[in-house]
Amino acid sequence: MCAMPCNMELPSSPEELTAQDNENWKELLNDSTKWHSIPLLNHTPLHKLKDQGLVRFRGMVQDMMDPEIYLERYEVKLADGSARTQPGKYRDCLRLGKDELLDYHADSNVHGERRTLFVVSVPGLNDWAKEHEKQCNPQSQQLPSVGSGVKRALDEQEDMEVDKTDESNISSAKKQCVNVESKAETKGCSSAVLGSDYLLNSPLPSRPSMACMVKVYEEFDKYTLNSLMDFVGFLSVDPALDASTLDVEAMKDVESLAELQAQNPSPFLIPRLHAFAVKSLCHANPLLDESLQQPAAIEAPHAPQSLESIHKDLRMLLKLCLFEDELAAEYLLCHLISTVYSRSEMQSIGKFALNICNLPKECLQQYTTKLYEVLELLLPASHYLPITLETMNTAAFTPKKDYETNKLVSGLLQLAPHTHLVLDETHMQQGKLEANGVHAIQHLANLINNQQLKCDFQYYQIDYNVDIPVLVLSEGRSMLPSDFVMPIKADEKAVQIYEESLKAALHYLQPGRLQQFRNYLTMSRIAQFSVSEEHTEMIQQEFVDMRKANVKSNADDLHCLLVLSRLLGIARGNATLDKETWHLATEFESKRRQRLQAMPKSSTSMRN
């Protein structure tokens, strides 16, 4: 039962929120219409929003900053000598009116702890997903427009009986802004020190993300690096938060100008959000996200089809894109729905790193990019990375701590769960891999083998678990490791008309069909699957027989067969493994191994 009337409105200010039990407000947000009604900061211009107004921000936790001590409640001395207490939760700046002073030593002052999460919009989110997410945003014409000066919205609160504040006086109290007792009260700097690209810290510089500093007040342990979250809270964009506006006198005791600005950038570049409710997102597909208000025009775009029919059509599409190679299409589909569903003793169970190789030489010029054009239409988040000497030798692949700014500087591989990484080795040329390039290969191998991302803290390194499916496209066998190497067996005629085939594939992907494929891939990825005790015994016995017939079979081969049979079953809409699917997996693996044996051994083949 809702503890407060269901027709009650959401809080309009931090003070209204703190006046009631926080759990009651969270209960109110269980009403999806309330959650949906809150504007998305990701897709709403700042000039359309009020400072201290309710907003949402969806994204990936890119960095987690040091704990911060703030004044949860404080005493203010008035000009006539009287005093009042003022709540400070969910705010960055103290609220002081003209001739009012903070009493630092008052017994009624209460300190609290909060954490700041540096959150970026989902890196690699594809255009169709961004556009759909934008359509789910409450219409901008319904939002209050306050012109270019966001700060003026604060003046609307001046008639509050308790909190009469002269906001124009707030700049004189900048030292009282943000952290009262922590180092953060002096973190900021001249805009000449750090550029906006560094401050925004996008993992994929060629596809910049939006950033938001989200302040959370409880359950700090539930937040992990690289996780996807949807936050609800109060927007904070007071110009006083910009450390570059501090005068010389205010900065004279600052030890590091770089750290000062990195921790307190302009709120118009990186807004603040004081969160009081949050939802974890299990995927990035906006079509199936219950936290989004789906547009009416997109709810029923196409006559419903059976899962069997969608599976058949998608396999046909992938076969068309893979030179009419049906076996390769089966493996690519398994890759597209794969996920790490369990971890044990440093092993990531469920990963399906795929190397599609033996690509026809005459097609290499354009084929890989055109194949990716099809894949990015199907996947909510993905990234195409050509493996060139320049990229390997110069790009930052993993996050690295910058102690000058106390910031975790992102790398190409810091991606959200289920972001498909497509590595194109067909662009690799002969040359020397420098130290950075060698480390890049090692980081990619670590990602593929262990589904872990190594973060460099200079004095030590920490491995973070990730779930990033990796597809490698190569002419010969890849220099990188993989779970399954699939040599293409191209149809001769299909090679001649591959450009027309890929154009036909794009034409085939009309909006209704696209939505069915996108939903099918996401639902398959998060589907539950089990193996009965009876079938477990059958698998064990059959594997013993396989070992007798082929002494080279080992535990890794069994693991690969289990992963493949699971994905083949899920792709066909099954919730449990059956005998037919297991035999299909063994048949596919037998065919794939035959192809591998026919390939020349690659000197660049690499194992961790």
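Residues numbered from 1 in each chain as written. Predicted model: local features only at pLDDT ≥ 70, side-chain atom pairs only at ≥ 80, totals over all residues. Heavy atoms only, no water.

**Here's the deal with the overall build of the protein chain**
Along the backbone of the protein chain there are 18 helices and 19 strands. Counted over contacts in the protein chain with a minimum sequence separation of 6, partners at least 24 positions apart contribute 79%. By element, 49% of the accessible surface of the protein chain is carried by carbon and sulfur atoms, the whole surface being about 27600 Å². (Helix = DSSP H or I, 4+ residues; strand = E, 2+ residues; numbered from the N terminus. Contact = heavy atoms within 4.5 Å. Areas by Shrake-Rupley, 256 points an atom, 1.4 Å probe, with all protein chains shown as cover.)

**Brief notes about helix H16 (residues 533–549)**
With 17 residues, H16 extends 25 Å from end C-alpha to end C-alpha; this agrees with the ideal 24 Å at 1.5 Å per step. Those residues of H16 that fall on the buried side of the exposure criterion are His535, Met538, Ile539 and Phe543. The buried residues of H16 all sit within an arc of 130° when viewed along its axis, so they share a single face. Opposite the buried face of H16, by more than 90 degrees, sit the exposed residues Glu533, Glu534, Gln540 and Lys548. Tucked inside the fold, the buried residues of H16 contact helix H17 (555–571) and helix H18 (579–598). (Expected span 1.5 Å × (residues − 1). Buried < 20%, exposed > 50% of the residue type's maximum accessible area, 1.4 Å probe, protein only. Arc of directions from axis to C-beta.)

**Some remarks on unusual backbone geometry**
Located in the positive-phi region is Tyr90, a residue other than glycine, with phi close to 65°. Using a relative accessible area of 2% as the deciding quantity, one classes Tyr90 as buried. Residue Gln451 is not a glycine yet carries a positive backbone phi of 50°. Within the secondary structure layout, Gln451 lies in the loop between helix H12 (435–450) and strand E16 (452–456). Relative accessible area serves as the criterion here: at 3%, Gln451 is assigned to the buried category.

**Examining a nonpolar patch on the surface**
Residues Tyr403, Tyr459 and Tyr460 make up a contiguous nonpolar surface patch of roughly 390 Å² in combined accessible area. The residue Tyr460 is located in the loop between E16 and strand E17 (461–465) in this model. A residue is classified by how much of its surface remains accessible, and Tyr460, at 44% relative accessible area, is partly exposed. (Patch = residues over 30% accessible without salt bridge, like charges linked within 9 Å, V, L, I, M, F, W, Y side chains within 5 Å. Salt bridge = Lys/Arg side-chain N within 4 Å of Asp/Glu carboxyl O.)

**Looking at the sheet that holds strand E12 (residues 382–386)**
On the basis of which strands lie adjacent, the open sheet formed by five strands has the order E12-E15-E18-E11-E19 and parallel pairing. Bordering the open sheet on either side are E12 and strand E19 (484–487), each of which pairs with just one other strand. On average, each strand axis in the sheet is inclined to that of its neighbour by 15°, with strand direction left out of account. Sheet contacts for helix H10 (residues 367–378): E12, strand E15 (420–424) and strand E18 (470–473); angle to E12, the most-contacted strand, approximately 170°. (Pairing = 2+ DSSP bridges. Axes fitted to C-alpha atoms, helices over the stretch in contact; angles between N-to-C directions.)

**Section: the packing of H17 against H18**
With their axes 9 Å apart at the nearest point, H17 and H18 run at an angle of 120° to one another. Comparing their axes, H18 and H17 come out oblique. As H17 runs across H18, the sense of the crossing is right-handed. Here H17 contributes Asp557, Leu558, Cys560, Leu561, Leu562, Leu564, Ser565, Leu568 and Gly569 to the contact with H18, which in turn contributes Thr581, Trp582, Leu584, Ala585, Thr586, Phe588, Glu589 and Arg593. Broken down by class, the residue content of the contact of H17 with H18 amounts to 10 nonpolar, four polar and three charged. (Parallel < 35°, antiparallel > 145°, perpendicular 65-115°, else oblique. Left-handed = near helix turned anticlockwise from the far one by under 90°. Nonpolar A, V, L, I, M, F, W, Y, C, P; charged D, E, K, R; others polar.)

**What about the pairing of E16?**
Counting buried positions over the five residues of E16 gives four, a clear majority of the element. In this sheet, E17 lies alongside E16 in antiparallel orientation, the contact comprising five bridges. Each bridged residue has a counterpart across the sheet, and for Leu453 the counterpart in E17 is Tyr464. Linkage of E16 to E17, two consecutive antiparallel strands, is achieved through a turn of four residues, within which Gln458 is found at a positive phi near 65°.

**Structural notes on the packing of aromatic side chains**
Applying the stated criterion across every chain, the model contains 16 aromatic pairs. Relative to Tyr498, the ring of Tyr367 lies with its centre 6.1 Å away and its plane at 65°, an arrangement referred to as edge-to-face. Of this pair, Tyr367 sits in helix H10 while Tyr498 is found in helix H14 (residues 498–508), placing the two residues 131 residues apart along the sequence. The pair Tyr367 / Tyr498 is uniform in exposure class, with both members buried. Directly above the ring of Tyr341 sits Arg566, whose terminal nitrogen or CZ lies 3.9 Å from the centroid. (Phe/Tyr/Trp six-rings, centres within 6.5 Å; stacked < 30°, edge-to-face > 60°. Lys NZ or Arg CZ within 6 Å of the ring centre and 35° of its normal.)

**Some points on the side chain of Arg592**
Summarising the element assignment, Arg592 is placed in helix H18. Residues in contact with Arg592, not counting those within four places in the same chain, are Leu327, Tyr331, Phe484, Val485 and Met486.

**A few points about the environment of Ala83**
You can see Ala83 is positioned in strand E3 (residues 83–87). On the basis of relative accessibility, which here comes to 46%, the residue Ala83 falls in the partly exposed class. Along the backbone, Ala83 and Leu101 are 18 residues apart, and their C-alpha atoms lie at a distance of 9.5 Å. Ignoring any residue separated from it by four or fewer positions in sequence, one finds Ala83 in contact with Glu75, Val76 and Leu78.

**Here's the deal with the packing of helix H9 (residues 326–336) against H17**
In contact at an axis separation of 9 Å, H9 and H17 are set at 90° when each is read in the N-to-C sense. Relative to H17, H9 is oriented roughly perpendicular. Residues Glu330, Tyr331, Leu333 and Cys334 of H9 form the contact with H17, whose participating residues are Leu564, Leu567, Leu568 and Ala571. Here the residues of the contact of H9 with H17 are counted per class, giving seven nonpolar, no polar and one charged.

**As for the side chain of Arg84**
Note that Arg84 resides in strand E3. Among the residues examined, Arg84 registers a relative accessible area of 13% and is labelled buried. In this structure the side chain of Arg84 is engaged in a polar contact, spanning 2.5 Å, whose partner is the side chain of Gln86. At 2.7 Å, the side chain of Arg84 and the side chain of Glu100 are in polar contact. (Polar contact = N/O pair within 3.5 Å; in protein donor to acceptor, adjacent residues only side chain to side chain.)

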